Amino acid sequence: MRIRAPKDFWSGVMFCAFAAVALFAACGYSMGSAGRMGPGYFPLLLASLLGALGAALMGRSILVGGEPVARLQVLPLAVIATAICLFGLLIEPLGLIVSLAVLTVMSAWVGAQFRLAETVALAAALILFCVGVFVYALGLPLNLWPSM
Amino acid sequence: MDVISNLGLGFSVALTIQNITYCLIGALLGTLIGVLPGIGPVTTVAMLLPISFTLPPESAMILLAGIYYGAQYGGSTTAILVNIPGEASSVVTTIDGHAMARQGRAGPALGIAALGSFFAGCAATLLIALAAPPLATIALQFGPAEYFSLMVCGLIAAVVLARGSLLKAIAMVVLGLLLGLVGTDVNSGARRFNFGMTGLADGIEFVAISMAIYGIAEVVYNLEQKQAAKMVTGALGRVWPSFADVKQCAGSILRGTGLGAILGVLPGGGALLASFAAYTVEKKVASAPRQFGSGDIRGVAAPESANNAGAQTSFIPMLTLGIPGNPTMAMMIGALMIHGIAPGPRVMTDRPGLFWGLIASMWLGNLMLVVLNLPLVGIWVRLLRVPYRLLYPVIIVFCCIGAYTINNKAFDVFVMSFFAIFGYVALKLECEPAPLILGFVLGPMMEENLRRALLISRGDPMVFLQEPISLAFLVLAAGLLVVMAVPAIRIRREEALKE
């Protein structure tokens, strides 16, 4: 047993994982019958199909060769995902301006050619633009400053 | 004449000051993102969905549609001048277009691209106006069984025409369908797949998942790619093509338009497939094909006409059947649903102003693009010097604000973060995200139609095979799958899609 197509294999694992979670959750919903479908019927059908497809991908990856998985760049992904979550956490208590500044600086920092002065200018320009367009022009209900 | 009175109504909607403005903004924004590599129409439409919520539905659709066809114009500009396809649908234009630019004939190449696109735009607009009403009339007769089979067929066809592994693409469709089911079941009120999170009661927010995959995940993926600095060529030459050029290209423009119009209607089609197919056909059909690749003006005219025609006719299934053929159309359906309009054949009868206004605005937008684009070429090229390190934080910021403001819920921002990670992993594993988005949009509709069809037939699944139209769709879907499984054809498909 050797995995010959790692990309296919790991895709299969991913699909099987989603299918397993869906199957586990869908078991709790009533199935009903084909003529009177309950909320569990279609999800169960789809989850089984997804599991079968995932298993087929894993099976094929042992028989047929394929490409290796390119290295995952964990740092940019982790920093950007964290920055986005931080934005979600900060926007209500601290307001748009502070949360935008944090988001812009963190996102720019993780890129290959980070320049501090340029990033500060970019953040300032973005904050001006967003406040102008979203808050004043479109009238979206966003806090600008920390709410006390 | 029905068509004329309908188009009259359309122009009365499209020609209001407000809608002309949104059409212009959409077309210009589309050109802008068409010029910039690393940001495409899907991302842009996704980022604008929350803003479009604040507009009336007519203006919102006009704005979003402008971005899609505007991007086709913008993509060709950079393809010709700097050998960078701003959009995937302009990749083939680089071959002959940039060769022309190196010979000092950039002007005529840009001119013929714009003229061809404009002709294709006019023809496609007319085609939509003529073909959509009868199609919608037919679609109104469809029962739940027909609709279910149509969706199966549409999804399979979209998958077959997508790049990469068929098995992975089907799995992505199924996963998309499942994700579409998250939230409260409309029939029983049961809360499905919410894992105890109240934020998921209304399902996964479409805006959040699409921006995560087409905005954030793409940014992270692009950050890894090496950004090569490219040179901008000097003189444009004469912008307007000579009479001889136009005469030489007339056939190519006609063929490109026809092919693009047909391929645009197909699920999985649209601008990208149209441009590749048109270039391949043109090489086979044209006289003296050896000039292709070394600056033949026909190699610019055909794909550029085709991608614009395809971009526009891909609206036909979206508007008449409520079925998206490509991710951008999935976004348009999302935009309709944000405004509480159920996509499908009833849009045309219930909201004729929206339907015909959108069609009229497409013609108007094409006209604006031809008039504005050529004088603005210099500005577009200068924009190319904007480095990606300044561009990508802007994308991230707009995605975050968009995800938050759609419901004013921080939860949607977290959902976006989660699916950004998923989208990046999927890209790394070469699982195309387009089928997932199509499945996500169709999931609830598909379940509803399956449920109704089986309710009527008292649980007998044979109903899908007994109704003739439904049977035809299913046979077509099965046929496509079988054909794809034949190794010889599969290899040819891979070659055709690779280029």
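This text follows the structure it describes.
The text that follows walks through the structure, step by step, so that each part is easy to find. (Residues numbered from 1 in each chain as written. Chains lettered and ligands numbered in written order. Predicted model: local features only at pLDDT ≥ 70, side-chain atom pairs only at ≥ 80, totals over all residues. Heavy atoms only, no water.)

## Considering the overall build of chain A
Moving on, step 1. Helices and strands together make up the secondary structure of chain A, namely 4 helices and 0 strands.
Moving on, step 2. Along chain A, helices and strands appear, N-terminal first, in the series α-α-α-α.
Moving on, step 3. At 23 Å, chain A has a C-alpha radius of gyration far larger than the 15 Å of a compact globule built from 148 residues.
Moving on, step 4. With the principal axes as the frame, chain A shows a C-alpha extent of 55 × 45 × 25 Å.
Moving on, step 5. For chain A, with 148 residues in total, the buried portion stands at 44%.
Moving on, step 6. In chain A, the share of contacts with a sequence separation of at least 24, taken over all contacts with a separation of at least 6, comes to 64%.
Moving on, step 7. Of the roughly 7600 Å² of accessible surface on chain A, 72% is carried by carbon and sulfur atoms. (Helix = DSSP H or I, 4+ residues; strand = E, 2+ residues; numbered from the N terminus. Rg over C-alpha atoms; globule rule 2.2 N^0.38 Å. Buried < 20%, exposed > 50% of the residue type's maximum accessible area, 1.4 Å probe, protein only. Contact = heavy atoms within 4.5 Å. Areas by Shrake-Rupley, 256 points an atom, 1.4 Å probe, with all protein chains shown as cover.)

## Quick word on the state of the cysteines
Moving on, step 1. One pass over the full model with this rule turns up 0 disulfides over all chains.
Moving on, step 2. Between Cys16 of chain A, a free cysteine, and Cys431 of chain B, which holds the nearest cysteine sulfur, the sulfur-to-sulfur gap is 12 Å. (Disulfide = S-S within 2.5 Å.)

## Some remarks on the layout of surface pockets
Residue and element names in this part refer to chain B.
Moving on, step 1. Roughly 1200 Å³ of volume is contained in the second largest pocket.
Moving on, step 2. Lining the second largest pocket are 42 residues; nearest its centre among them are Met337, Pro343, Val441, Pro444 and Met445.
Moving on, step 3. Looking at the lining of the second largest pocket, the elements with two or more residues in it are α6 (106-140), α7 (144-161), α8 (166-180), β1 (183-184), α14 (327-338), α17 (388-407) and α19 (434-456).
Moving on, step 4. Considering every element that reaches the lining of the second largest pocket, the biggest residue donor is α19, with 8 residues.
Moving on, step 5. Considered class by class, the residues forming the lining of the second largest pocket number 25 nonpolar, 9 polar and 8 charged. (1 Å grid on protein atoms, 1.4 Å probe; cavity = no way out; pocket = protein on both sides within 12 Å on 5 of 7 lines; lining within 4 Å. Points joined across faces, edges and corners; volume = space filled by probe spheres on them. Nonpolar A, V, L, I, M, F, W, Y, C, P; charged D, E, K, R; others polar.)

## Topic: the nonpolar core
All names here are of chain B.
Moving on, step 1. Ranked by size, the top nonpolar core spans 180 residues in total, and within it Phe315 and Met416 carry the most contacts.
Moving on, step 2. Leave out the neighbours within four places in its chain, and Phe315 touches Ala65, Tyr68, Ile128, Met329, Met332, Leu358 and Met362.
Moving on, step 3. One finds Val35, Ala101, Ile253 and Leu384 within the second-largest nonpolar core, a separate group that totals 23 residues. (Core = buried A, V, L, I, M, F, W, Y, C linked by side-chain atoms within 4.5 Å.)

## Notes on the pattern of salt bridges
Moving on, step 1. Summed over the entire model, instances satisfying the criterion amount to 16 salt bridges over all chains.
Moving on, step 2. Between Asp8 of chain A and Lys168 of chain B there is a salt bridge, and its shortest N-O distance comes to 3.1 Å. In this pair, Asp8 of chain A is assigned in helix α1 (residues 6-26) and Lys168 of chain B in helix α8, connecting two distinct chains.
Moving on, step 3. Of the charged contacts, one joins Arg451 of chain B and Glu447 of chain B as a salt bridge, the two residues approaching to 3.6 Å between their closest N and O atoms. Here Glu447 of chain B and Arg451 of chain B lie together in helix α19, a separation of 4 residues that amounts to about one turn. The exposure classification of Arg451 of chain B matches that of Glu447 of chain B, with both residues buried. (Salt bridge = Lys/Arg side-chain N within 4 Å of Asp/Glu carboxyl O.)

## Quick look at the interface of chain B and chain A
Moving on, step 1. Listed by partner, the interface residues are 61 residues for chain B and 65 residues for chain A.
Moving on, step 2. Of the roughly 5600 Å² buried at the junction of chain B and chain A (both faces included), carbon and sulfur atoms supply 81%.
Moving on, step 3. Joining chain B to chain A, the criterion identifies 3 salt bridges.
Moving on, step 4. At the level of secondary structure, the elements contributing two or more residues to the side of chain B that touches chain A comprise α8, β2 (191-192), α9 (206-224), α17, α18 (410-428) and α19 of chain B.
Moving on, step 5. Take the side of chain B that touches chain A: its biggest share by element is 12 residues, from α17 of chain B. (Buried area = accessible area lost by both parts, 1.4 Å probe.)

## Focus: empty space enclosed by the protein
Moving on, step 1. Scanning the entire structure with this criterion turns up 2 cavities of 30 Å³ or more.
Moving on, step 2. Around the largest cavity sit Tyr73, Ser76, Thr77, Leu110, Ala113, Ala114, Ser117, Asn373, Leu374 and Val377 of chain B, which together line it.
Moving on, step 3. With 4 residues, α6 of chain B is the largest single contributor of residues to the lining of the largest cavity.
Moving on, step 4. Grouping the constituent residues of the lining of the largest cavity by class yields 6 nonpolar, 4 polar and no charged.
Moving on, step 5. Looking at the second largest cavity, the residues that line it are Ala108, Gln113, Phe114, Arg115, Glu118, Thr119 and Leu122 of chain A together with Arg389 and Leu390 of chain B.

## What to know about the packing of aromatic side chains
Residues and elements named next belong to chain B.
Moving on, step 1. Under the criterion given, the structure shown has 16 aromatic pairs over all chains.
Moving on, step 2. For the ring pair Phe142 and Phe473, a centre distance of 6.0 Å and an interplane angle of 75° mean the geometry is edge-to-face. Of the two residues, Phe142 is situated in the loop between α6 and α7 and Phe473 in helix α21 (residues 468-485); the sequence distance between them amounts to 331 residues.
Moving on, step 3. A relative accessible area of 15% places Phe142 in the buried class.
Moving on, step 4. Its relative accessible area of 17% is what places Phe473 among the buried residues. (Phe/Tyr/Trp six-rings, centres within 6.5 Å; stacked < 30°, edge-to-face > 60°.)

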